[in-house]
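Structural features, examined
One-letter residues, chain by chain:
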Amino acid sequence: MAELPVRCTMVSILALRGSGARTRMLLVRRASPYLKGLWSYVAGHIEVGETAWQAARRELAEETGLVPLELYATSFCEQFYDASANCIQIVPGFVARIAVDAQVRLNDEHSAFRWVTLARAADELPFGSQRDLIAHVRREFVNRTPQPVLRLPDGA
């Protein structure tokens, strides 16, 4: 019997600003060929020698110019079947707390951005695992104070 490999080569980063009912999440519109035109949150691949949380910080900076005030592991992983690699991808989610006045500077992977409520983000994201991650983040990072053990070190 053949087995389907399980891989973890990517990270997802939900950039949040504000608190409580005023929490807004950054959505970016994909410009590159993969998922072109779809709204998403920041995500990217882990580079050789990099931890997942280091990849989250780097991808956020590369794609948006943002540096988080705080970065958290969510303890939630998206999962999906990757047909191009014939594997199951496991994607750890991170929450980046962003200053309210921070300026977004998109790279060429994205054509637009906007800050929206979590409910609006869930309505606009194309995949169920993305909506599941948003529900988890709402429950554990917006409606509650996250556990300090989930906070990651500053810098790379």
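Everything discussed here concerns the structure shown above.
Report on the accompanying structure.

What counts and what doesn't
- Residues numbered from 1 in each chain as written.
- Predicted model: local features only at pLDDT ≥ 70, side-chain atom pairs only at ≥ 80, totals over all residues.
- Heavy atoms only, no water.
- Salt bridge = Lys/Arg side-chain N within 4 Å of Asp/Glu carboxyl O.
- Helix = DSSP H or I, 4+ residues; strand = E, 2+ residues; numbered from the N terminus.
- Buried < 20%, exposed > 50% of the residue type's maximum accessible area, 1.4 Å probe, protein only.
- Pairing = 2+ DSSP bridges.
- Contact = heavy atoms within 4.5 Å.
- Polar contact = N/O pair within 3.5 Å; in protein donor to acceptor, adjacent residues only side chain to side chain.
- Phe/Tyr/Trp six-rings, centres within 6.5 Å; stacked < 30°, edge-to-face > 60°.
- Lys NZ or Arg CZ within 6 Å of the ring centre and 35° of its normal.
- Expected span 1.5 Å × (residues − 1).

Focus: the pattern of salt bridges
Taken as a whole and judged by the stated rule, the model has 12 salt bridges. With a closest N to O distance of 3.5 Å, Glu 47 and Arg 58 form a salt bridge. Of this pair, Glu 47 sits in the loop between strand S5 (42-45) and helix H1 (52-64) while Arg 58 sits in helix H1, placing them 11 residues apart in sequence. Residue classification places Glu 47 among the partly exposed residues on the basis of a relative accessible area of 43%.

Considering the environment of Gly 93
Following the sequence through the fold, Gly 93 ends up in strand S7 (residues 87-97). In this structure the C-alpha to C-alpha distance between Gly 93 and Val 11, which are 82 residues apart in sequence, comes to 6.1 Å.

Digging into the pairing of strand S6 (residues 70-82)
Bridge count for S6 against S7 is 10 bridges, and the pairing is antiparallel. What sits directly across from Ala 73, in S7, is Phe 94. In this structure, the hairpin formed by S6 and S7 is closed by a connection of 4 residues, where Asn 86 is found at a positive phi of approximately 45°.

Considering the environment of Gln 103
Here Gln 103 lies in the loop between S7 and strand S8 (110-116). Owing to a relative accessible area of 59%, Gln 103 belongs among the exposed residues under this scheme. Taking the C-alpha atoms as reference points, Gln 103 and Leu 152, separated by 49 residues in sequence, lie 22 Å from one another. Setting aside residues no more than four positions away along its own chain, Gln 103 makes contact with Thr 64 and Leu 66. Only 3.2 Å separates the side chain of Gln 103 from the backbone oxygen of Asp 101, close enough to count as a polar contact.

Structural notes on unusual backbone geometry
Here the phi dihedral of Leu 35 falls at roughly 65°; this positive angle occurs in a residue that is not glycine. Among the structural elements, Leu 35 can be located in the loop between strand S3 (24-30) and strand S4 (39-40). A relative accessible area of 25% means that Leu 35 is categorised as partly exposed. Its identity as a non-glycine residue notwithstanding, Ser 75 has a phi of 65°, on the positive side. Tracing the backbone through its elements, the reader meets Ser 75 in strand S6.

A look at the packing of aromatic side chains
Counted under the stated rule, the structure contains 1 aromatic pair. Against the face of Trp 39 rests Arg 114, its NZ or CZ located 4.1 Å from the ring centre.

Observations concerning H1
Helical periodicity: at 3.6 residues per turn, an α-helix aligns residues three or four positions apart in one direction. Given a rise of 1.5 Å per residue, 13 residues ought to cover 18 Å, and the 18 Å separating the end C-alpha atoms of H1 matches this to within 8%. Of all the 13 residues making up H1, 10 are buried; the element is thus mostly covered by neighbouring parts of the structure. Summarising the contacts, the buried residues of H1 are in contact with strand S2 (10-17), S3, S5, S6, S7 and S8.

Remember, this is a structural readout, not a statement about activity or role.
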